[in-house]
Amino acid sequence: MHFTTCPLDCFDGCSIAVSKELKLKGNKAHPITQGYLCHHLNHFHTFERIEEPRYLGQSIKMEEALTILQEKLNTYEPSRTLFFKGSGNLGIMQGVTKQFFASHRAVLASGSLCDEAGDAGVCEGRGANLCLSPLHVKDAEVVILWGRNPTVTNSHMLPSLKGKTLIVIDPVKIDLSHHADLHIQIKPRGDLYLALLLCRLVAMEEMEDCTFLNERTLNYKDFLDFISGIPMRKLLDKAHVNLDEIGELLHLIKGKKVSILVGIGVQKYSFGHSVLRAIDALGAMLGLFGKVGCGVGYLSNSGFGYSLPFKVDAKKEPLPIANFGKYDLVFIQGGNPLNQMPCTSKVEEGLDKAKCIVYFGLHENETSARAHLIIPAKTFLAKDDVKLSYGHPFVGRMPKIVESPIGISEYALTQMLLAAFGHDSLESEATIIEKVIASNSVEKDGFLISKTYEDLPYEKTFYTKSGQFEFMDEFDDDFEDEEGFYLIAAKQNKSLNSQFVTDEYLYVPLCLGLEQEERVRLTNRYGTCEYAVMPTAILRDDCLLLYSGAKNANRLTPHAMSQEGNCATYQEMKVRLEKVT
Ligand SMILES: Nc1nc2c(c(=O)[nH]1)N[C@H]1C(S)=C(S)[C@@H](COP(=O)(O)OP(=O)(O)OC[C@H]3O[C@@H](n4cnc5c(=O)[nH]c(N)nc54)[C@H](O)[C@@H]3O)O[C@H]1N2
Ligand SMILES: Nc1nc2c(c(=O)[nH]1)N[C@H]1C(S)=C(S)[C@@H](COP(=O)(O)OP(=O)(O)OC[C@H]3O[C@@H](n4cnc5c(=O)[nH]c(N)nc54)[C@H](O)[C@@H]3O)O[C@H]1N2
Ligand code: SF4
Ligand SMILES: [Mo]
């Protein structure tokens, strides 16, 4: 039996026991994994992989593919070469390729399709973004799921929710809303207003933690002045909530140990950073930071405290709005921009202009279909790596478990390119990995964890310059509301974004009176597209939903970035719907 760690973009960073026959099982001894894996890893070997490199549609040998790659890198100006990395595998060694492209003076796509708007807000207030792991949440009395859907995205959190008072704040009736003590079916984009409304009422009800506010925070008085200036009616309307629901929420949390688990749902907007800051402000008023079972947890900075390799200096292209058309050579690793980036028409337009697209990945997808050169990667079982998780403090070793003739590792590809272009070679993989681990890990009960979590998160300090929690004093909501439906982007069980088994339906509320499979057309200023519908009772009357990975999930999403964090803003728009007759 060998042990490794799931490489996928997921809170849980599962520890995996691998048998001689390469059967994958959840590690029973691991405190988070507790012996089970999800659909993706349980069926890992059944998903078809790309086995052979291809050039212009023809299968070729790996040596030929690497020769063609070198020729292309020689042909095109480095300043017209773009390196783009997705999040198909979150191992540390995935970043190694950047080292070559930076030495080559190519341009690196930089920014996020995911959580960075929220992360920017967390960092403004707390200085660093630490996680609330399932082991921490276990000690809570009340858990608030705020735009986060653990049944689908964070299933190893579920045991920690058992027996707790549960509050769900989500425009969708997610599975856990049926077991919740309170579900606030908030209007999309309403979370900042709801959080500030709650702050107002916490002050009015004198529920705030004065000791914490005095000793550990900055700008509280200014914050109170700032929120007092916003009309109560506006706060209620923007969140589309009523005072009874809010009263119930305050009643449920009063004097309790509260863990607030926030997901990316709340921050898929241009002011996403301010949403997290407002939720954090509520957490600070209640004095939740640094205490057992309490806190506000988001997708954390997994590398915090570690000395990470591959920090490079290079020219950058903003990732969520990357203009591929500016480049001759586009190298895409571990991502599927033609499906996952916002505003598909812009991505297509750009990639159509690029002279050579290289796709370096595991599976066929929209991007591999459009690529000129395809280089298969090795799976996580056939290369060395280490994973730090954004949902818990455990360090996951990922040793190579099997030799495979298929594909090439990111490290091997990088070493080959560095040598071919006369750059210094890298340290050995083992050295790089061990240095990362040694930089901030300790062993506890037989497992490696991040030293940062030897104390409770923020127990001793915040990581701002002042060492205090810093309240917000402004926000800028620049969204111009318009007629139409909100279009929610969410994750589903059987896919990991566009990998594995995707769901193509447009989910619509029952009030529209549509039948399953009926076709509708959605339109907004970013595009127009037809979908087959699936009516559902889980949606508000003003919402539609497309799951991540659906074929045309990004036809209507904005070609835009958040105010902070260089992040995509998938839900900063509305759509009009008409029946296709
Ligand atoms: N099975 C599976 N697991 C995954 C993934 C996957 O694709 N499949 N993806 C992984 C990745 S990349 C990430 S980033 C994480 C994300 O993990 P989560 O944040 O849990 O995922 P989402 O489904 O994007 O969003 C969570 C919830 O936000 C809600 N929401 C949407 N808009 C709003 C809003 O305006 N306000 C509020 N309050 N809620 C809103 C949605 O209805 C949804 O229920 O999951 C990871 N885990
Ligand atoms: N409409 C809509 N769009 C979204 C989202 C949404 O909810 N709705 N979610 C957004 C979010 S949160 C995220 S994180 C992004 C994700 O967007 P992407 O990063 O594009 O994610 P995937 O679709 O999972 O594509 C991952 C790719 O990595 C490849 N891969 C897997 N393992 C390896 C490996 O070891 N090496 C290499 N070289 N390749 C590998 C796989 O073949 C796959 O093609 O999408 C964003 N886009
Ligand atoms: S739950 Fe997440 S970490 Fe665990 S096996 Fe599934 S994708 Fe991997
Ligand atoms: Mo993500």
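As annotated in an unreviewed UniProt entry, the protein chain carries the name Molybdopterin oxidoreductase and is attributed to Sulfurospirillum diekertiae.

J.: What's the story with the site of ligand 3 in this structure? I'm lost.
T.: The environment of ligand 3 is made up of Cys6, Leu8, Cys10, Asp12, Gly13, Cys14, Cys38, His40, Leu41 and His156. Per-class residue counts for the shell around ligand 3 are 6 nonpolar, 3 polar and 1 charged.

J.: How do you make sense of helix H15 (residues 344-353) when you look at a structure like this?
T.: Note that an α-helix has 3.6 residues per turn; residues three or four places apart therefore point the same way. Those residues of H15 not exposed but buried are Thr344, Val347, Glu348, Gly350 and Leu351. Buried residues of H15, seen end-on, are gathered within an arc of 165 degrees and therefore sit on one face of the element. With respect to the buried face of H15, the exposed residues turned more than 90 degrees away are Asp352 and Lys353.

J.: Quick question: what am I supposed to make of the site of ligand 1 here?
T.: Every one of the 36 residues lining ligand 1 counts as a neighbour, but Thr153, Asp170, Asp191, Tyr269 and Ser495 are closest to it. At a separation of 3.3 Å, an oxygen atom of ligand 1 approaches a polar backbone atom of Gly147. Separating a nitrogen atom of ligand 1 from a backbone N or O atom of Ile169 is a distance of 3.1 Å. For ligand 1, the accessible surface in isolation is 920 Å², of which the surrounding protein chains cover 98%. Counting only elements with at least two residues in the shell around ligand 1, the list comes to helix H6 (150-153), strand S23 (485-490) and strand S24 (495-496). Counted by class, the shell around ligand 1 contains 18 nonpolar, 11 polar and 7 charged residues.

J.: Which parts of the structure should I look at to understand the nonpolar core?
T.: A general feature of soluble globular proteins is that nonpolar side chains tend to end up buried together. Trp146, Phe223 and Ile253 are the most contacted members of the largest nonpolar core, which has 68 residues in total. Residue contributions to this core peak at 10 residues, all from helix H8 (residues 191-204). The residues contacting Ile253, other than those within four sequence positions of it, are Val142, Ile144, Ile167, Met207, Val258 and Leu286. Core analysis: the next-biggest nonpolar cluster, separate from the first, contains 43 residues, Leu66, Tyr76, Tyr411 and Ile433 among them.

J.: What exactly am I supposed to notice about the packing of H8 against helix H12 (residues 243-253) here?
T.: Each packed pair of helices is defined by two parameters, the angle between the axes and the distance between the axes. Relative to each other, H8 and H12 sit at 65 degrees, their axes nearing to 11 Å. Where H8 crosses over H12, the two elements pack in a sense that is right-handed. Touching Leu194, Leu197, Leu198, Leu201 and Val202 of H8 are Leu243, Ile246, Leu249 and Leu250, all from H12. By residue class, the composition of the contact of H8 with H12 is 9 nonpolar, no polar and no charged.

J.: Mind showing me how you'd approach the pairing of strand S29 (residues 543-547) here?
T.: A regular strand carries its side chains on alternate faces of the sheet. S29 sits mainly inside the fold: 5 of its 5 residues count as buried. Burial along S29 is two-sided: the residues Cys543, Leu545 and Tyr547 and Leu544 and Leu546 are all buried. Pairing analysis gives 5 bridges linking S23 to S29, with the strands arranged parallel. The residue bridging Leu487 from the neighbouring strand is Leu544, located in S29. Across 2 bridges, the pairing between strand S26 (residues 506-509) and S29 is antiparallel. Of the residues in S29, the one forming a bridge with Tyr507 is Leu545.

J.: Can you walk me through the pattern of salt bridges in this structure?
T.: Pairing between side chains of opposite charge can happen when the charged atoms of each approach one another. Applying the stated criterion to the full structure yields 24 salt bridges. Close ionic contact of Arg189 with Glu572 constitutes a salt bridge, the shortest N to O distance being 3.0 Å. A residue pair is termed long-range when its members are at least 10 positions apart, and Arg189 in the loop between strand S10 (182-184) and H8 and Glu572 in the loop between S29 and strand S30 (574-579) qualify at 383 residues. On the accessibility criterion, Glu572 (9% relative accessible area) is buried. Between Lys355 and Asp328 there is a salt bridge, and its shortest N-O distance comes to 3.2 Å. Here the residue Lys355 occupies a position in the loop between H15 and strand S16 (356-361), and Asp328 occupies one in the loop between strand S14 (315-318) and strand S15 (329-333), the gap between them amounting to 27 residues. Connected through salt bridges with shared partners, the residues Glu348, Asp352, Arg370 and Arg555 form a single ionic network.

J.: Quick question: what am I supposed to make of the UniProt feature "domain: 4Fe-4S Mo/W bis-MGD-type" (unreviewed entry) in the protein chain here?
T.: Mapped onto the present numbering, the UniProt feature "domain: 4Fe-4S Mo/W bis-MGD-type" (unreviewed entry) falls at residues 1-49. Helix makes up 8% of residues 1-49 and strand 22%. Its end C-alpha atoms lie 24 Å apart.

J.: Can you walk me through unusual backbone geometry in this structure?
T.: Trans peptide bonds make up the majority, and among non-glycine residues the majority have a negative phi. Positive phi is not limited to glycine here, since Cys343 has a value of about 55 degrees. Note that Cys343 resides in the loop between helix H14 (337-340) and H15. With phi around 65 degrees, Tyr458 is a residue other than glycine that occupies positive phi space. By relative accessible area, which is 2% here, Tyr458 ends up buried.

Conventions we followed
- Residues numbered from 1 in each chain as written.
- Chains lettered and ligands numbered in written order.
- Predicted model: local features only at pLDDT ≥ 70, side-chain atom pairs only at ≥ 80, totals over all residues.
- Heavy atoms only, no water.
- Near = heavy atom within 4 Å.
- Nonpolar A, V, L, I, M, F, W, Y, C, P; charged D, E, K, R; others polar.
- Buried < 20%, exposed > 50% of the residue type's maximum accessible area, 1.4 Å probe, protein only.
- Helix = DSSP H or I, 4+ residues; strand = E, 2+ residues; numbered from the N terminus.
- Arc of directions from axis to C-beta.
- Polar contact = N/O pair within 3.5 Å; in protein donor to acceptor, adjacent residues only side chain to side chain.
- Areas by Shrake-Rupley, 256 points an atom, 1.4 Å probe, with all protein chains shown as cover.
- Core = buried A, V, L, I, M, F, W, Y, C linked by side-chain atoms within 4.5 Å.
- Contact = heavy atoms within 4.5 Å.
- Axes fitted to C-alpha atoms, helices over the stretch in contact; angles between N-to-C directions.
- Left-handed = near helix turned anticlockwise from the far one by under 90°.
- Pairing = 2+ DSSP bridges.
- Salt bridge = Lys/Arg side-chain N within 4 Å of Asp/Glu carboxyl O.
- UniProt positions renumbered as here; feature names shortened; annotations may be inferred.

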